[in-house]
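# Summary of the model geometry
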Amino acid sequence: MPQAETGTTPPAADPSGVPTAAAEQGPAPDNPHAGESPMVRQQLKAQVIDTRPELPPLPTAPQPVLPGLPQIPQLVDTRPSPEPPARPHQPVGDPEREAPRGVLSLAAGGKIEPEPAARRQSVAAGPAAPAAAPPPQASPLGEPVVLIGNPKLRSEPRAFPEIGERVPDSIVDGGEVDGLIVRAASLRGDDHRHYAETRQDSFGLYAMTPVPGGPVFMAAVADGVGSETWSHIGSAAACRLLAEEIGGYAEAMLDPARENRLQDNCQELMDKVAGRLAMEADSRDLNKKQLSTTLVGCLFGPAAPVRRAVMFAVGDSPAYVLRARDFQPVFTVEQEEIASSGTNALPTQIGRVSVRVAELCAGDMVLLCTDGLGNTMRTPAVRRQLAEWWGEPGVPGLPAYFWQLSFRAQSYGDDRTAVCVWVR
Amino acid sequence: MSQQVLPFYLVCDESGSMSGAPVDAINQSLPELHYEIGSNPVVTDKTRFCLIGFSSKAEILLPLSDLSTVTQMPMLKASGGTNYSQAFDKLRETINNDVNALKSQGHQVYRPAVFFLSDGLPNDDWHQSYQALVDPVWRPHPNILAFGFGQADTQTIQQVATTKAFIANGTLGPAAALREFAKSLIRSIVNSGTSSAAEQAGGATLVMPDNVPGFTTIEADQV
């Protein structure tokens, strides 16, 4: 059942508990920024105190062994047991249960196909299968589940943002290309909804023109830096420009023989994207920093002989590989113990581009997201629930995917964007 | 239950010299602070507030709280001397307990922010207590904004601050200046709890006032 805010009702919205003297002050302004005396957003960043040791260890991926560019090692023996695990937050009508996907699905008893290779063959033999699958059953999703705390902030859009080129509250997309099944959504954070501000996250999905042995798909996620007014333009432009620029690099990036050049190629690619983003700022008469955005991308190669994926990032938007219901972070997580000067961001502060290569097998899922989702995943309950929804065999339908990503989490009011790519 | 929590501490001088208009101004501002923070769900979901009063002794007047669950705000009462050691010791102990409690509940705790307000010269040697409070080895050491007015000594206030110091400059009377102080505290909490104000830390960046009417801003003394 969705855990709507049951039990104790938070008194937040109820002004009756407020002393009379205060009540006479009238309602709080909707937007505390409007008309205030000057507040400078200091560079001083509130540091997380010593959270790392407290956190449950993030997924215990074996450390990469390949010299030079690290690879996510294959895990062959850690498939989940045939028994389906408990589903603590099973929502009403989780579509993944009711809509088996043709030949790729778990049987009702939870038998899992043993061999990745066999799966890929199943895909190839697939077209006739859907007809045999039972039709999905309609089922209401209800309100999103609450996974952290008891949010007093409501999750609903209020006034329309008054800003140039505002973007829709949320967008959902999906598709399938060469054995990759894609679900993507970008949701405006509840803070932005409350304050009638626009969503600043973006994503991009790009199927490539098929060339034998060539790249097949690229996904990108970008998080516009919160303090910059035009960062929603910046994040959207970064995704678009990456797609426009990657063509010249994609083949080389995926070529194992040219892996020694991979870091340089990614760096050069990001420099190009940054250069064009800076030009975009000029053409709009904006300061370059006003378009500041992170950018994380993943380039997928063809299924055969082995599915390679190159992941690259500027800034703190994370990527994970979900394998055996375990989210393995792709990039090294930086220590947050010490005050940092903020995340790297295009176009002005690229730093060293994070680059990783993964060899994927059937059943893996690559997740690119913004920290609006990534930060919540430090909570075990969130990781567990997402693994439930997105682990094998599940590829949710679009409505279910949007509903899942809409889970509630007290104090996490940031925009939330996630692109999931399942490997078949 | 792993929320992001940004704790705020108001450490307020309630020595005898604060009696009358100054203490009244703060007391009138507290319900306003309560309302502004407690009724803003964006902010109240992420922030906690604690009030410590000090004179010859220091006392927790409001334990670290989610203001949306607080029904009554405490009042300051002016009496006694001005003992900074007491204030800093109590503050350090309180922060330590609070942060440990929050972490044991699984929360991610951001560096606490302290608004320190004083009107007088301390009548004790407070440096040792202060060093313990700002010791970088002690992980939850807070960011301190210090406000001085009345008899407060500029250099002392500057030394107490780790980030910014504000000295009343006489352009406003004590009551008006303290109302401005309270407003700047409210704005700091509201804006810090609002993710659009944050850099990218998902709503946990301390947003400090740049200028406060009636006060002159001084950079904190570098230790």
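These lines cover the structure that appears in this document, whether it is placed above or below. (Residues numbered from 1 in each chain as written. Chains lettered and ligands numbered in written order. Predicted model: local features only at pLDDT ≥ 70, side-chain atom pairs only at ≥ 80, totals over all residues. Heavy atoms only, no water.)

### Quick look at the overall build of chain B
A tally of helices and strands in chain B yields six helices and nine strands. For chain B, buried positions account for 67% of its 223 residues. When contacts within chain B are restricted to residue pairs at least 6 apart in sequence, long-range pairs at least 24 apart make up 77% of them. Counting only carbon and sulfur atoms, one obtains 48% of the accessible surface of chain B, whose full area is about 7200 Å². (Helix = DSSP H or I, 4+ residues; strand = E, 2+ residues; numbered from the N terminus. Buried < 20%, exposed > 50% of the residue type's maximum accessible area, 1.4 Å probe, protein only. Contact = heavy atoms within 4.5 Å. Areas by Shrake-Rupley, 256 points an atom, 1.4 Å probe, with all protein chains shown as cover.)

### Notes on unusual backbone geometry
Residue and element names in this part refer to chain A. In this structure, Pro305 follows Ala304 across a cis peptide bond, with omega equal to 0 degrees. Following the sequence through the fold, Pro305 ends up in the loop between strand E8 (295–300) and strand E9 (307–314). For the bond running from Leu346 to Pro347, omega is 0 degrees, close enough to zero to count as cis. For Arg325, which is not glycine, the phi torsion reads 60 degrees and is therefore positive. Here Arg325 lies in the loop between strand E10 (319–323) and strand E11 (326–329). A positive phi angle is found at Ser411, which is not glycine, with a value near 80 degrees. Relative accessible area serves as the criterion here: at 3%, Ser411 is assigned to the buried category.

### As for the nonpolar core
Counting residues in hydrophobic clusters, the biggest one holds 42 residues, and the most contacted among them are Leu10(B), Phe49(B), Leu51(B), Phe147(B) and Phe181(B). At the level of secondary structure, the elements contributing two or more residues to this core comprise strand E1 (4–13), helix H1 (21–38), helix H2 (41–44), strand E2 (47–54), strand E3 (58–65), strand E5 (113–118), strand E6 (143–148) and helix H6 (174–192) of chain B. Counting residues per element, this core draws most heavily on H6(B), at seven residues. Among all residues touching Phe147(B), those that are not within four sequence positions of it are Phe115(B), Phe116(B), Leu117(B), Ser118(B), Ile157(B), Phe166(B), Phe181(B), Ser184(B), Val212(B) and Phe215(B). In this structure, Met218(A), Leu242(A), Cys266(A) and Val355(A) belong to the second largest nonpolar core, which totals 35 residues. (Core = buried A, V, L, I, M, F, W, Y, C linked by side-chain atoms within 4.5 Å.)

### Structural notes on the side chain of Thr376(A)
Residues and elements named next belong to chain A. Looking at where Thr376 falls in the secondary structure, it is placed in the loop between helix H7 (371–374) and helix H8 (380–390). Classification of Thr376 by relative accessible area gives buried; the value is 0%. With residues up to four places along the chain from it excluded, the contact list for Thr376 reads Ile148, Asp371, Val382, Phe407, Ala409 and Tyr412.

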